[in-house]
Amino acid sequence: MPLTYPIAEQTLDNGLRVVVSSDRAVPIVAVNLWYDVGSRHEPPGLTGFAHLFEHLMFQGSRNVASGQHFSLLETAGASLNASTFFDRTNYFESLPSGGLDLALWLEADRMGYLLDAVNQENLDNQRDVVKEEKRQSYDNRPYGDSYERLVKLAFPADHPYAHMTIGSMADLDAASVEDVHAFFRKYYGPNNAVLTIVGDVGEEDAFDAAKRYFGHLPAIPTPPPAADGTIGPLTEVLRDDVVSDVPSDLITMMFRLPVDGTPELDAAGLALDILAAGQSGRLNRRLVRDEQIAQSVSGGALPLIGGVSFGTLTGIASDGLDLQKVEDALVEEVEKLAVDGITDDELATVQAQAERDWLEQLATCAGRADEISHHALLFGDPNRINTRIDQVRAITTEQVQAAAAKWIRAEGRVQVTYRRTETAGEQA
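Parameters and conventions
- Residues numbered from 1 in each chain as written.
- Predicted model: local features only at pLDDT ≥ 70, side-chain atom pairs only at ≥ 80, totals over all residues.
- Heavy atoms only, no water.
- Helix = DSSP H or I, 4+ residues; strand = E, 2+ residues; numbered from the N terminus.
- Buried < 20%, exposed > 50% of the residue type's maximum accessible area, 1.4 Å probe, protein only.
- Polar contact = N/O pair within 3.5 Å; in protein donor to acceptor, adjacent residues only side chain to side chain.
- Phe/Tyr/Trp six-rings, centres within 6.5 Å; stacked < 30°, edge-to-face > 60°.
- Lys NZ or Arg CZ within 6 Å of the ring centre and 35° of its normal.
- Patch = residues over 30% accessible without salt bridge, like charges linked within 9 Å, V, L, I, M, F, W, Y side chains within 5 Å.
- Areas by Shrake-Rupley, 256 points an atom, 1.4 Å probe, with all protein chains shown as cover.
- Salt bridge = Lys/Arg side-chain N within 4 Å of Asp/Glu carboxyl O.
- Lys, Arg positive; Asp, Glu negative; His and termini not counted.
- Charge placed at Lys NZ, Arg CZ, Asp CG, Glu CD.
- Pairing = 2+ DSSP bridges.
- Domains from an automatic or database assignment.
- Contact = heavy atoms within 4.5 Å.
- Buried area = accessible area lost by both parts, 1.4 Å probe.
- Axes fitted to C-alpha atoms, helices over the stretch in contact; angles between N-to-C directions.

## Quick look at the environment of glutamate 398
Okay, step 1: Within the secondary structure layout, glutamate 398 lies in helix α15 (residues 397-407).
Okay, step 2: On the accessibility criterion, glutamate 398 (56% relative accessible area) is exposed.
Okay, step 3: Polar contacts involving the side chain of glutamate 398 include one to the side chain of threonine 397, which spans 3.3 Å.

## Some details on the packing of aromatic side chains
Okay, step 1: One pass over the full model with this rule turns up 18 aromatic pairs.
Okay, step 2: With a centroid separation of 5.4 Å and an interplanar angle of 80 degrees, the aromatic rings of tyrosine 143 and tyrosine 418 are classed as edge-to-face. With a gap of 275 residues between them, tyrosine 143 in the loop between α4 (120-139) and α5 (146-154) and tyrosine 418 in strand β11 (residues 413-419) connect regions that are remote in the sequence.
Okay, step 3: When its relative accessible area of 17% is taken as the criterion, tyrosine 143 is described as buried.
Okay, step 4: The exposure class of tyrosine 418 is buried, given its relative accessible area of 2%.
Okay, step 5: Judged by centre distance (6.5 Å) and plane angle (50 degrees), the ring pair of phenylalanine 183 and tyrosine 188 falls under tilted.
Okay, step 6: Three or more aromatic residues link up through ring pairs in this structure, and these residues are Tyr35, Phe49, Phe53, Phe58, Phe70, Tyr91, Phe183, Phe184, Tyr187 and Tyr188.
Okay, step 7: In this structure, arginine 88 packs its charged tip against the face of tryptophan 34, placed 4.7 Å from the ring centre.
Okay, step 8: Positioned over the ring face of phenylalanine 379 is arginine 384, at 4.1 Å from the centre of the ring.

## As for a negative patch on the surface
Okay, step 1: A cluster of acidic side chains, namely Glu203, Glu204, Asp205 and Asp208, defines a negative patch on the protein surface.
Okay, step 2: With respect to the secondary-structure elements, glutamate 203 resides in helix α8 (residues 203-214).

## Looking at the pairing of strand β2 (residues 17-22)
Okay, step 1: Note: strand β1 (residues 8-11) against β2, four bridges, orientation antiparallel. Looking across to β2, one finds that threonine 11 is bridged to arginine 17.
Okay, step 2: Between β1 and the antiparallel strand that follows it, β2, lie five residues; glycine 15 among them carries a positive phi value of about 95 degrees.
Okay, step 3: One ladder, built from six bridges, connects β2 with strand β6 (residues 193-199); its direction is parallel. Opposite serine 21, over in β6, you have valine 198 as the bridge partner.

## Some details on the domain arrangement of the protein chain
Okay, step 1: Along its sequence, the protein chain is organised into domain 1 (8-214) and domain 2 (237-427).
Okay, step 2: The C-alpha-based centres of domain 1 and domain 2 are spaced at 28 Å.
Okay, step 3: Across the contact, 37 residues belong to domain 1 and 35 residues belong to domain 2.
Okay, step 4: Regarding the contact of domain 1 and domain 2, the summed buried area is about 3100 Å², with carbon and sulfur atoms giving 71% of it.
Okay, step 5: Area buried by domain 1 at its contact with domain 2 is led by Trp34, Tyr143 and Leu153, which between them contribute 23% of it.
Okay, step 6: At the boundary of domain 1 with domain 2, the tally comes to two salt bridges.
Okay, step 7: The tally of links between domain 1 and domain 2 comes to 14 residue pairs in polar contact (both at pLDDT 80 or more).
Okay, step 8: Looking at the side of domain 1 that touches domain 2, the elements with two or more residues in it are β2, β3 (28-35), β5 (89-96), α5 and β6.

## Notes on the sheet that holds β6
Okay, step 1: Read from one edge to the other, the open sheet built from six strands follows the order β1-β2-β6-β3-β5-β4, with strand pairing classed as mixed. Two strands lie at the open edges of the sheet, namely β1 and β4 (79-84), each paired on one side alone. On average, each strand axis in the sheet is tilted by 15 degrees relative to the strand beside it, whichever way the strands run.
Okay, step 2: The sheet contacts of helix α1 (residues 49-56) involve β4 and β5, and relative to β4 the element is tilted by about 165 degrees.
Okay, step 3: Sitting on the sheet, helix α13 (residues 365-379) touches β2, β3, β5 and β6, and the angle it makes with β3 is about 30 degrees.

## Structural notes on the side chain of aspartate 87
Okay, step 1: As for its placement among the helices and strands, aspartate 87 is situated in the loop between β4 and β5.
Okay, step 2: Looking at aspartate 87, the relative accessible area reads 2%, which means it is buried.
Okay, step 3: Side-chain polar atoms of aspartate 87 contact the side chain of tyrosine 161, separated by 2.6 Å.
Okay, step 4: Not counting residues within four places of it along the chain, the set of residues in contact with aspartate 87 comprises Asp36, Val37, Gly38, Arg40, His41, Tyr161, Pro303, Leu304, Ile305, Gly306 and Leu378.

In structure tokens:
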């Protein structure tokens, strides 16, 4: 049974897609803007630019002083942020419904006139902020560089998913103001974005407000498409073994998976959930509860639209136990899933969990706005939020086993291990 959240759409003359979902239950409105640019759109030499703009977009625009974007919205009672991913960048705020005009004006001003404020001083400042973020989140955090290491193993060097959103610090160091301006002009325009408004506002009022603040902005030339990332399953095992000052020994395996928006990806995601999701997952039952060789296990699929997705399985070894035992058990369970398949009860359990997670995401105006933008931008169908559960529920045990046998294979994986210096010496 599909959900029935109201969805109304209009496209402005400049190409901006506007989606409205009116909900009068609480006096809150969520504004959510997705740009069709992420790290997969970055050509060699310009990695990290989409993420850099996540920072620059809060440093002022033609009519907004540096720092005012946050201060004006927070004074109006808003919570706000932004994020960068492989496939997109998004900017979002939730606030009392009386602040809708303020939120739209601020978003429109930086969409249309950000470059008035992007000068050498701003660029240098935010470049330093990004470098510090990389030091804190990647370089100096235990296991922080694991995904950097994994995607380099999982994809060819020129693949659009072969680098993380943080990008290369060398690329950022080499970036000129002109480079940054050119990147913005290429991707940040109304015809390369989706604006979603959810909450305590009528549909016509929301569309009128969107036209009032965004309608005069000129369209940009059609951006170039990202490189085609279509690629099949991994066919070998590649390893990166790290000895480091980490709290516990850890292993993460990564598998290529089917592209998002397909039943095959849904099936592969459910397969990983059966292995690693929650207390009832096979890996938790065996490695943590029964054999007690792991402190914890986790995993799941990361859906992507650029020709391929990926998924991971992670195990943290129990203190004093050889990480190799965790790796061997992970491999055994992966092989068993592909050969023996799954039960109807296992599938029903993870489908029910997926449904709970989805309903929880849609329960708030902010969560619903984000998913509407997601499905409008990446799939051209905001109403997908109402049919997504049915798509997951339609997956069969046979589809799960077939996806696992093709994509989640012990002989087709990359992995990174982290061992403490003392345990690495003991196991040498």
